[in-house]
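What the coordinates show
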Amino acid sequence: NAGVTQTPKFQVLKTGQSMTLQCAQDMNHNSMYWYRQDPGMGLRLIYYSASEGTTDKGEVPNGYNVSRLNKREFSLRLESAAPSQTSVYFCASSDLADTLAKNIQYFGAGTRLSVL
Amino acid sequence: DAKTTQPPSMDCAEGRAANLPCNHSTISGNEYVYWYRQIHSQGPQYIIHGLKNNETNEMASLIITEDRKSSTLILPHATLRDTAVYYCIVSPLSGGYNKLIFGAGTRLAVHP
């Protein structure tokens, strides 16, 4: 039972390089999320996808794009990485269709990204 | 737009109960209280949630005051593996997506 799987676990980029963070969940959840966490701080939502085929901005979307490839996969792309995007990135999923469980999010192990 | 207030840090001896407080004095009638924790370098983990009744599961107990303005997460027999940052979050169940605000949380240190 893998839950939420993120790849890669670690990445170092040079300023201006691009990369895509991958996320997949096997819980048949309809909703997926991307957060970033800077040292000593809480999580901030970058983008979310309430259901397959939809995406919406969170509180810090600038510099990122997302793709909800199918129900299982939700990717986060940095087109031109900047040092300010050095952070730990977490993907999460939940079942928004289940009223009692909609706010229970399951998180991946994170991707640690350094932009030099 | 933080809706909860938690102490920045707490200590607890291994085997003793850890009682983590949370103030949510502006909570709305349709908002639930959620607790998550984040063990170092890992993704957050859901613990428990409740509306107004006390709740218990295999991980913890949640005590919500009658006026719902505060709550306490109780880890009955804390172990070293419970050392983590604990987040108290309020969010409604109604409607579609509702943002979960992960603030600074409480850093719980369990010591031998």
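**Brief notes about the state of the cysteines**
Inspection of the entire model under this criterion finds 2 disulfides over all chains. The disulfide partner of Cys23(A) is Cys91(A), and the S-S distance across this bridge is 1.9 Å. Disulfide Cys23(A)-Cys91(A): torsion about the S-S bond near -75 degrees, hence left-handed. Here the residue Cys23(A) occupies a position in strand E3 (residues 19-25), and Cys91(A) occupies one in strand E9 (residues 87-94), the gap between them amounting to 68 residues. Since its relative accessible area comes to 3%, Cys23(A) is described here as buried. Of the cysteine sulfurs around Cys12(B), a residue in no disulfide, the closest is that of Cys22(B), at 18 Å.

**Quick look at the interface of chain B and chain A**
Counting residues at the interface gives 21 residues for chain B, matched by 20 residues for chain A. Interface of chain B and chain A: buried area, both sides summed, is about 1700 Å²; carbon and sulfur atoms make up 56% of it. The interface formed by chain B and chain A contains 0 salt bridges. For the interface between chain B and chain A, the tally reads 8 residue pairs in polar contact (both at pLDDT 80 or more).

**Considering the pattern of salt bridges**
For the structure on display, the rule yields 5 salt bridges over all chains. Across the pair Asp38(A) and Arg44(A) runs a salt bridge whose closest N-O atoms are separated by 2.6 Å. Classification of Asp38(A) by relative accessible area gives buried; the value is 13%. Glu31(B) is paired through a salt bridge with Lys3(B); the nearest N and O atoms lie 2.6 Å apart. Of this pair, Glu31(B) sits in strand E3 (residues 31-38) while Lys3(B) sits in the segment before strand E1 (9-13); the two residues are 28 residues apart in sequence, bridging distant segments of the chain.

Cut-offs applied
- Residues numbered from 1 in each chain as written.
- Chains lettered and ligands numbered in written order.
- Predicted model: local features only at pLDDT ≥ 70, side-chain atom pairs only at ≥ 80, totals over all residues.
- Heavy atoms only, no water.
- Disulfide = S-S within 2.5 Å.
- Helix = DSSP H or I, 4+ residues; strand = E, 2+ residues; numbered from the N terminus.
- Buried < 20%, exposed > 50% of the residue type's maximum accessible area, 1.4 Å probe, protein only.
- Contact = heavy atoms within 4.5 Å.
- Buried area = accessible area lost by both parts, 1.4 Å probe.
- Salt bridge = Lys/Arg side-chain N within 4 Å of Asp/Glu carboxyl O.
- Polar contact = N/O pair within 3.5 Å; in protein donor to acceptor, adjacent residues only side chain to side chain.

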